[in-house]
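The lines below spell out each chain.
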Amino acid sequence: MWQIILVITHWLLEYWNRRRKGYEKENWRLLRRRRLLMMRLLQQRRRRNVVKSCWAYPTSARFWEEIVPTYNDINFLKHFGTGRETFQCLVDELYLDLVREDTIMRPAIPVDKRIAVALTLLRTSSDFLSVAKLFGIGESTVHLILKEFSSAVCKTLYGKIVTFPSTVMEREEIVSAFNNRWHFPGCLGVLGTSHIPILSPSQSENNYFNKEGYHSIVVLGLVDHHHTFRYADVGQPGGSSDAETFFKSELYRYLSAKLIPEEFHLIAGSSFPLLHSLMTPFPFNKSKDSMQKRFDYHLHKAFTPLKVAFAHLRGRWKILLKRCDLQLDNMIDIAKTCLVLHNLCESNGDNYFDCWDQNVNDESTFSQSMHKENLTTASQGGVTKRNELAIFLY
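The following paragraphs examine the structure supplied in this document. (Residues numbered from 1 in each chain as written. Predicted model: local features only at pLDDT ≥ 70, side-chain atom pairs only at ≥ 80, totals over all residues. Heavy atoms only, no water.)

## A few points about the packing of helix 5 (residues 111–124) against helix 7 (residues 139–156)
No. 1: Across the interface, helix 5 lies against helix 7 with an axial gap of 9 Å and an inter-helix angle of 90 degrees. Of the possible angle classes, the one that applies to helix 5 and helix 7 is roughly perpendicular. Taken together, the residues of helix 7 that come into contact with helix 5 (itself represented by Arg114, Ile115, Val117, Ala118, Leu119, Leu121 and Leu122) are Val142, Ile145, Leu146, Glu148 and Phe149.
No. 2: Among the residues forming the contact of helix 5 with helix 7, the class breakdown is 10 nonpolar, no polar and 2 charged. (Axes fitted to C-alpha atoms, helices over the stretch in contact; angles between N-to-C directions. Helix = DSSP H or I, 4+ residues; strand = E, 2+ residues; numbered from the N terminus. Parallel < 35°, antiparallel > 145°, perpendicular 65-115°, else oblique. Contact = heavy atoms within 4.5 Å. Nonpolar A, V, L, I, M, F, W, Y, C, P; charged D, E, K, R; others polar.)

Here it is in structure tokens:
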């Protein structure tokens, strides 16, 4: 009998232990779920009140916040390419286009720092990663800043800064300067071209391949006696001749409509067509008389502002000297931006350092395309006017 009682008791104990373990396991699961739920609730509450610190890798803005304020005027000009007055002018003019609002993720980059980043890229032609590390921002942010800056300059400043001389006072000042300095009468400016290297475009690739063996866009510029650009046509294919580029420009249509007085004219090299409003040298041949040679001498002397303007443009803004990893539309905006910055620097008297010319003359840079003599028929009005000027200068 006692053996039966012992078996029943043992069976009851095992049953009770199994039930107790089941209760403890279920209780542990419920407790674990409760803890996980509490942790999630705490995390959601923290997300509402605390800014995340893991949106970007930690960087340092020591260069902009600590080093740049210690720069004197010369060091500031050498690094950014503009003087402090020109820099502040850009901040004032572009503030509404470049200002951004702070977000809960991070504060916005100030306008002056954005402009400093863009000018550093244009001036030094450094790669985007180097500039990003210098200013303590992301590489993609540098790309965006350059694009937004060039777009804002083209939208807000290009039409104000690069303007054709339209008033009587402007025309008289320019004509008087060319007559007094280079002894060429009636000149409203010098016309010429410069090639900007670009990546191979996806469409019409062969049209952009110039005679020097690289893809480029053409800057057709009109320069006055102050070495500033008074007109520019940017973006024509590098494979076009100077005459083709000129005939496709708004300037040709403006001159064809005879919107400038007949006694005034522009001057250009032999690669441009001879028109009544555009004077070019006499055709190259060995039978030039002394009168024609004297005319060509004074004409080439008057080319000085054009040579200086393009040298300063490419020397100050080194991004125009190398092929950039940017699309065609972006490169056109950047070239226009550099024209605006050049005019602002020349107008404000920002110094140009002779050492910058080494960048232009460096063998590693892309050479300018050779200008071939124009083969189009000269206009009769242009021939007559050129002969009259040759007699006057002789």
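## Remarks on the packing of helix 13 (residues 304–316) against helix 14 (residues 328–348)
No. 1: Between helix 13 and helix 14, the shortest axis-to-axis distance is 10 Å and the interhelical angle comes to 110 degrees. Taken as axis vectors, helix 13 and helix 14 run roughly perpendicular relative to one another. Seen from helix 13, the contacting residues are Ala309, His312, Leu313 and Arg316; seen from helix 14, they are Cys338, Leu339, His342, Cys345 and Glu346.
No. 2: Grouping the amino acids of the contact of helix 13 with helix 14 by side-chain chemistry returns 5 nonpolar, 2 polar and 2 charged.

## Digging into helix 14
No. 1: The end-to-end C-alpha distance of helix 14, which contains 21 residues, comes to 30 Å, matching closely the 30 Å that a straight helix rising 1.5 Å per residue would cover.
No. 2: Residue Gly349 follows helix 14 closely and has a positive phi angle near 75 degrees. (Expected span 1.5 Å × (residues − 1).)

## A few points about the layout of surface pockets
No. 1: Its volume calculated, the second largest pocket comes out at about 390 Å³.
No. 2: If you go around the second largest pocket, you meet 19 residues; those closest to its centre are Thr193, Leu306, Lys307, Phe310 and His371.
No. 3: Contributing elements (two or more residues each) for the lining of the second largest pocket: strand 1 (187–197) and helix 13.
No. 4: Among the elements that take part in the lining of the second largest pocket, helix 13 stands out by supplying 5 residues, more than any other.
No. 5: Among the residues forming the lining of the second largest pocket, the class breakdown is 8 nonpolar, 8 polar and 3 charged. (1 Å grid on protein atoms, 1.4 Å probe; cavity = no way out; pocket = protein on both sides within 12 Å on 5 of 7 lines; lining within 4 Å. Points joined across faces, edges and corners; volume = space filled by probe spheres on them.)

## Re helix 3 (residues 73–80)
No. 1: Within helix 3, burial applies to Phe76, Leu77, His79 and Phe80.
No. 2: For helix 3, the elements touching its buried residues are helix 2 (62–67), helix 4 (84–98), helix 5, helix 6 (128–135) and helix 13.
No. 3: Between the side-chain oxygen of the N-cap and the backbone nitrogen of Ile74 there are 3.2 Å, and the N-cap of helix 3 in question is Asn72. (Buried < 20%, exposed > 50% of the residue type's maximum accessible area, 1.4 Å probe, protein only. Polar contact = N/O pair within 3.5 Å; in protein donor to acceptor, adjacent residues only side chain to side chain.)

## Side note on the pattern of salt bridges
No. 1: Considering all chains together, one arrives at 10 salt bridges under this definition.
No. 2: Where Lys160 meets Glu93, a salt bridge forms, and the shortest distance between an N and an O atom there is 4.0 Å. With Lys160 in helix 8 (residues 158–161) and Glu93 in helix 4, this pair connects stretches of sequence that are 67 residues apart.
No. 3: Assessed through its relative accessible area of 55%, Lys160 is described here as exposed.
No. 4: You can call Glu93 partly exposed: its relative accessible area is 36%.
No. 5: Each of Arg100, Arg114 and Glu148 takes part in a single network of salt bridges with overlapping partners. (Salt bridge = Lys/Arg side-chain N within 4 Å of Asp/Glu carboxyl O.)

## Some points on the environment of Lys307
No. 1: With respect to the helices and strands, the residue Lys307 is situated in helix 13.
No. 2: Of the residues examined, Lys307 reaches a relative accessible area of 57% and is grouped as exposed.
No. 3: As for Lys307 and Val223, which are separated by 84 residues in sequence, their C-alpha atoms are 9.3 Å apart.

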